[in-house]
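Coordinate inspection notes
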Amino acid sequence: MGCFSCLVSRKKVVKIEDTDRARSASRTSVDGQGKDCLDEHETGVMDANSGGAGASDKTPPTKNPAKSFTYRELCSATGMFNSANKIGEGGFGKVFKGRLETGEIVAIKQLNHEGLQGSQEFIIEILMLSLLHHPNLMSLKGYCTAGDEKLLVYEYMPKGSLEDHLFDLGPNDVPLDWNTRIKIAVDTARGLEYLHCKANPPVIFRDLKAANILLDNDFHARLSDFGLAKLGPVGDKTHVSTRVMGTYGYCAPEYAMSGKLTVKSDVYSLGVVLLELITGRKAIDPSRSRAEQNLVNWSRPLFKDRRKFVHLADPALQGHFPLRCLHHAIAIAAMCLQEQPTYRPLITDVLVALEYLASQPYNREAATSGNRSPSQRPPSQQDRGRY
Ligand SMILES: Nc1ncnc2c1ncn2[C@@H]1O[C@H](COP(=O)(O)OP(=O)(O)OP(=O)(O)O)[C@@H](O)[C@H]1O
Ligand SMILES: [Mg+2]
């Protein structure tokens, strides 16, 4: 029960719930919203970064710097880390939904006790998120160290991770539509662009993957998990050498082979995430046939023939996407996934290309009413192979 069992022993454990919408595709035990609290918090972050995607490295520190919480406060917020409030679990530990004394809903990550790695990543996460502030980066509310316990307190993201909405959907889960997928891609690229181009020195995220893209109620995306982030090369250095870390399936080949880390490693990982958004397939999926288990290896031959691009589209989209934009999105992903890092585009260029796609939204009504613009037609024989 731990040293703060007095907090809950006589009270029924309260499952943290809100009155608003539920997380649509969550497979966790807690329905999440916290809309009011999120709005309140997001206002603070946006104010501190009024430049949005264009926020500069001169961006003033956030108005709500990370606070040191007591273990008692976090026990109380989560009902003694009750399993009813567990919303996820990753390599570093369990994640709980909690309600602070102020009424604010937060996500609390409780790090595993074992290993030096966890401690290092805990410190890097706090340092990075204390320095970096942007609407597309996760915001750290605070942290707690008490004996062996190490906890991080984040803004609560009611829709969970992108992974929750793309893969293994249940019969009642609504697949993401095309426009939302592009919006998430743009937000992700904006977060990376801030790290690569606005932060000084640049920051290499190193662990970009669908599980680390978290979503609020409006599917506004933020990058999370900075424990593996690295300061990029400075001066005339082209790369930093590091122990290879990250997630299999998302890792750039040159980084996986030599440990040479550059901003282009993140661009490769973004290419994998783009492919996941387009295809609805996981970067690595052991449940598929051998030839289809690795998404990049399966997709690469299809990149060579535009007539085959349409086969890459997620069947869950049911043809509801602008074919021209699908072609562009695949072309962008293919460029990010170039074997040679120097041939991959800079994140600034990827962002411009994705913003263009976002400016050409799919209009389902127009597409199905017959009053279609060329960019709104579902795939047809005539369209195949050209854009
Ligand atoms: N701030 C948050 N708001 C809401 N849910 C969150 C938040 N942070 C994490 N989660 C949930 O907890 C899950 C686990 O997150 P976590 O970052 O611990 O692991 P991971 O990213 O899946 O894997 P790993 O960190 O081991 O690479 C996420 O997929 C998400 O569903
Ligand atoms: Mg994560």
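Residues numbered from 1 in each chain as written. Chains lettered and ligands numbered in written order. Predicted model: local features only at pLDDT ≥ 70, side-chain atom pairs only at ≥ 80, totals over all residues.

**Here we look at the site of ligand 1**
Around ligand 1 there are 22 residues in total, and G88, G90, G91, A107 and M157 lie nearest to it. Contributions of two or more residues to the shell around ligand 1 are made by β2 (86-90), β4 (105-111), β6 (149-155) and α4 (162-166). Broken down by element, the shell around ligand 1 gets its largest block of residues, 4 residues, from β2. Here the shell around ligand 1 is composed, by residue class, of 9 nonpolar, 7 polar and 6 charged. When residues of the shell around ligand 1 are assigned to domains, at least three fall in each of domain 1 (2-155) and domain 2 (162-386). (Near = placed C-beta within 6 Å. Helix = DSSP H or I, 4+ residues; strand = E, 2+ residues; numbered from the N terminus. Nonpolar A, V, L, I, M, F, W, Y, C, P; charged D, E, K, R; others polar. Domains from an automatic or database assignment.)

**A short note on unusual backbone geometry**
Residue N200 is joined to P201 through a cis peptide bond whose omega torsion reads 0°. Looking at the secondary structure, you find P201 in the loop between α5 (178-198) and β7 (203-204). With a phi close to 65°, M80 is a non-glycine residue in the positive phi region. Tracing the chain through its elements places M80 in the loop between α2 (71-78) and β2.

**Some remarks on α2**
Every buried residue of α2 is listed here: E73, L74, C75, A77 and T78. In this structure, the buried side of α2 is in contact with β3 (93-99), β4, β5 (140-146) and β6. Positive phi appears at G79, one or two residues downstream of α2, with a value of about 60°. (Buried ≥ 20, exposed ≤ 12 C-beta atoms within 10 Å, placed from the backbone. Contact = placed C-beta atoms within 7 Å.)

**Overview of helix α7 (residues 263-279)**
Over its 17 residues, α7 extends 25 Å from the first C-alpha to the last, a length consistent with the 24 Å expected when each residue adds 1.5 Å. By the criterion of burial, α7 is predominantly enclosed, with 17 of the 17 residues buried. Directly beyond the C-terminal end of α7, a positive phi value near 70° is found at G280. (Expected span 1.5 Å × (residues − 1).)

**Things to note about the UniProt feature "binding site: ATP" (unreviewed entry) in the chain**
The sites that carry the UniProt feature "binding site: ATP" (unreviewed entry) are, in the present numbering, K109. As for its placement among the helices and strands, K109 is situated in strand β4. We classify K109 as buried; it has 23 C-beta atoms within 10 Å. In this view, K109 contacts F92, G93, V95, L151, L152 and Y154; residues no more than four positions away in its chain are not counted. (UniProt positions renumbered as here; feature names shortened; annotations may be inferred.)

**Quick word on the sheet that holds strand β1 (residues 67-68)**
The sheet built from 6 strands is open, its strands ordered β1-β5-β6-β4-β3-β2 with mixed pairing. Where the open sheet ends on each side, the last strands, each with one partner, are β1 and β2. Here β3 runs beside β4; their pairing, made up of 7 bridges, is antiparallel. Bridge pairing in β4 places R99 opposite I105. Lying on the sheet, α2 is in contact with β3, β4, β5 and β6; it crosses β3 at an angle near 80°. (Pairing = 2+ DSSP bridges. Axes fitted to C-alpha atoms, helices over the stretch in contact; angles between N-to-C directions.)

**Thoughts on the packing of α5 against α7**
Between α5 and α7, the least distance of the axes is 11 Å, while the angle of their chain directions is 175°. By the angle between their directions, the pair α5 and α7 is classed as roughly antiparallel. Contacts between α5 and α7 involve R181, I184, A185, T188, A189, L192 and H196 from the first element and V263, D266, L270, V273, L274 and L277 from the second. The residue makeup of the contact of α5 with α7, split by class, is 9 nonpolar, 2 polar and 2 charged. (Parallel < 35°, antiparallel > 145°, perpendicular 65-115°, else oblique.)

**Observations regarding the pairing of β5**
Counting buried positions along β5 yields 5 of 7 residues, so the element is predominantly enclosed. Pairing between β1 and β5: 2 bridges, direction parallel. Looking at the pairing, K67 lines up with G142 of β5. Two strands pair when backbone bridges link them, and β5 and β6 are joined in this way by 6 bridges, in the antiparallel orientation.

**Digging into the environment of T78**
Note on placement: T78 falls in helix α2. Once residues within four sequence positions are removed from consideration, T78 is found in contact with N85, F96, G98 and I108.

**Examining the packing of α7 against helix α8 (residues 295-303)**
At a minimum axis separation of 11 Å, α7 and α8 run at an interaxial angle of 75°. Judged by the inter-axis angle, α7 sits roughly perpendicular to α8. Packed against α7, whose contacting residues are V272, L275, E276 and T279, the element α8 presents L295, V296 and S299 at the interface. Here the contact of α7 with α8 is built from residues that sort into 4 nonpolar, 2 polar and 1 charged.

**Some details on the pairing of β6**
In terms of burial, β6 is largely enclosed, as 6 of its 7 residues are buried. Pairing of β4 with β6, which is carried by 5 bridges, proceeds in the antiparallel orientation. Directly across from I108, in β6, lies its bridge partner V153.

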